[in-house]
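So the chains spell out like this:
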Amino acid sequence: MSKKIYFGTNLKMYKNIHDTVSYLEDLTRLTADLNRDEIELFVIPSYTSLPDAVKISRRELVHLGAQNMCWEEQGQFTGEISPLMLKELGLDLVMIGHSERRHVFRETDYEENKKVLCSLEHGFTTLLCIGETEQEKEYSISNEILRTQLIAGFHGVSTDYAKKIWVAYEPVWAIGVNGKPASVEYANEKHGVIRKCLVELFGEEAGKLIPVLYGGSVNPGNAERLIEQPEIDGLFTGRSAWQAEAFDKLIRSALKKLGKMV
Ligand code: PEP
C-alpha cells in the first residue's frame, strides 16, 4: 500500500468554541467521501474548544490534537496543560515546538525534548515542528539547525516510538501573515535533509516511515506542486485551511495532482 498523504491545520488562537465546532462539522461533512486509507486529516483547535470538538467529532475522519503540552503530569506549573488532562479528553495527537512556541514564547530544544518524551510516553501521536529562521538561512546553516532540532528534540526517544512520530518542517520565514512560501525545490531539499537525519536517528526502516509535512504559507497556488515533491508527505496549513470549503478544495486538488481522486 502506498504511503498516506497528511493534511492538517493548527487553528492557533483564532477560532472560539462555536466557530471551531461549525468548522469541524463542515470539514467532516465536506471530506467524508475521501478514503481514509489514503489520507490522514487532523485539526488542532484551541484548548478551550477541545472538549466540544471532541464531543462532536467523528474521529475516524478527523483526528484532533492539542497545540502544546507540559512535560509534567501535575505540579506547580501555572497556566500549563498536563498530559493527563489531554488524555482525559482522549486526544489523538500533541503538537510540540511550533514556531510561535519557540520564537514568541522562547521554548528551547531542551524543553521540546522533554515534551516530546512525555507526549510519547502518554501514548499521543507527537508532531514535532522544526524550522530555521531567515537569518539562519542567510548564514547557510539551515541544515545544521534542522538537524540540531531533530537530534535534540528526539534525544532519548527509542525506535519503538517511531510509529507515533510526525514531523512538520515549517521555515520560520515562511509562516503566517508576513511569511513567504519556500520554493518547492527548497522545501523538497530540506525534507531530504530531515529524512536523512530521521534515518540516522531511528534506522532505515523506521526513519523512512515517519511522515514529514511541509508548512508555511501553503495556499491553493502552491499546494499541488508541494505535494508532488518526492520528499514531502503532507501539508500542514494555516490560513488557507481555516475555511472548511477552502481546505477541502486544497486537499482535493492535491490528491488529484497525485492521481488519488476519482
Ligand atoms: C503555521 O503557522 O504553522 C502555518 C503553517 O501557517 P500559514 O499556513 O498561515 O503560514
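Read on for an overview of the structure. Because the structure is predicted, anything quoted here is derived from the model rather than measured.

Side note on the overall build of the protein chain
What the protein chain contains, in helices and strands, is ten helices and eight strands. The C-alpha atoms of the protein chain give 17 Å as radius of gyration, which agrees with the globular expectation for 262 residues (18 Å, within 12%). With respect to the principal axes defined by its C-alpha atoms, the protein chain has extents near 45 × 40 × 40 Å. Burial analysis of the protein chain (262 residues in total) assigns 53% to the buried set. Within the protein chain, contacts between residues separated by at least 24 positions form 70% of all contacts whose residues are at least 6 apart in sequence. By element, 52% of the accessible surface of the protein chain is carried by carbon and sulfur atoms, the whole surface being about 12200 Å². For the protein chain, the distance from the average site of its 31 positive side-chain charges to the average site of its 38 negative ones is 3 Å.

Topic: the pairing of strand β5 (residues 125–130)
Of all six residues making up β5, six are buried, and the element is well covered by its neighbours. Covered by surrounding structure in β5 are T125, L127 and C129 together with T126, L128 and I130, the residues of both alternating faces. Pairing of strand β4 (residues 93–96) with β5 involves four bridges; the strand directions are parallel. Bridge pairing in β5 links M95 to L127. Inspection of the sheet shows β5 paired to strand β6 (residues 165–169) by five bridges, in the parallel sense. Residue pairing across strands places C129 opposite A168, the latter belonging to β6.

Details of the sheet that holds strand β2 (residues 39–44)
One closed barrel holds the eight strands; their spatial order is β1-β2-β3-β4-β5-β6-β7-β8, and the pairing between them is parallel. Shown here is a sheet whose adjacent strand axes are inclined to one another by a mean of 25 degrees, direction ignored. Seen against the sheet, helix α8 (residues 184–209) touches β5, β6 and β7 (212–215) and runs at an angle of roughly 150 degrees to β6. Across the sheet, helix α10 (residues 244–257) lies against β1 (5–10), β2 and β8 (234–237), angled at about 160 degrees from β1, the strand it touches most.

Structural notes on the packing of aromatic side chains
One pass over the full model with this rule turns up eight aromatic pairs. Measuring from ring centre to ring centre gives 6.4 Å for W71 and F77, while their planes differ by 75 degrees; the resulting arrangement is edge-to-face. Overall, the relative accessible area of 24% leaves W71 in the partly exposed class. An aromatic cluster is present here, built from Y6, F42, W166 and F236 joined pairwise through their rings. The positively charged end of R101 is found above the aromatic ring belonging to F105, 4.2 Å away from the centroid. Over the ring of W173 we find K137; its NZ or CZ atom is 4.6 Å from the centre of that ring.

Conventions used here
Positions within a chain are numbered from 1, following the residues in the order the chain's sequence is written. Residues qualify for local features only when their pLDDT is at least 70, as the model is predicted, and side-chain atom pairs are given and counted only at 80 or more; totals for whole chains, interfaces and linings, by contrast, use all residues. Values shown for side chains rest on all heavy atoms present in the structure; no hydrogens or waters enter the calculation. Elements are defined by DSSP. Helices are runs of H or I of four residues or more, strands are runs of E of two residues or more, and each kind is numbered from the N terminus. Atoms counted for the radius of gyration: C-alpha only. Globule rule: 2.2 Å times residue count to the power 0.38. Under the scheme applied here, a residue whose accessible area is under 20% of the maximum for its type counts as buried, over 50% as exposed, and between as partly exposed, the area being computed with a 1.4 Å probe on protein chains only. Contacts: residue pairs with any heavy atoms within 4.5 Å of one another. Here the accessible surface of atoms and residues is derived via Shrake-Rupley with a 1.4 Å probe, and residues count as covered only by protein chains that are part of the display. Counted charges follow a simple rule, with Lys and Arg positive, Asp and Glu negative, and His plus the chain ends left uncounted. Charge placement uses NZ in Lys and CZ in Arg. For Asp and Glu, CG and CD serve respectively. Between any two strands, at least two bridges found by DSSP are needed for them to pair. Throughout, an axis means a line fitted to C-alpha atoms (over the contacting stretch in the case of helices), and angles, computed between N-to-C directions, take values from 0 to 180 degrees. Only Phe, Tyr and Trp rings take part, Trp by its six-membered ring, and two of them pair if their centres are within 6.5 Å. Stacked means planes under 30 degrees apart, edge-to-face means over 60, and tilted covers everything else. Placement of a charge over a ring requires the Lys NZ or Arg CZ to be within 6 Å of the ring centre, with the centre-to-atom vector within 35 degrees of the ring normal.

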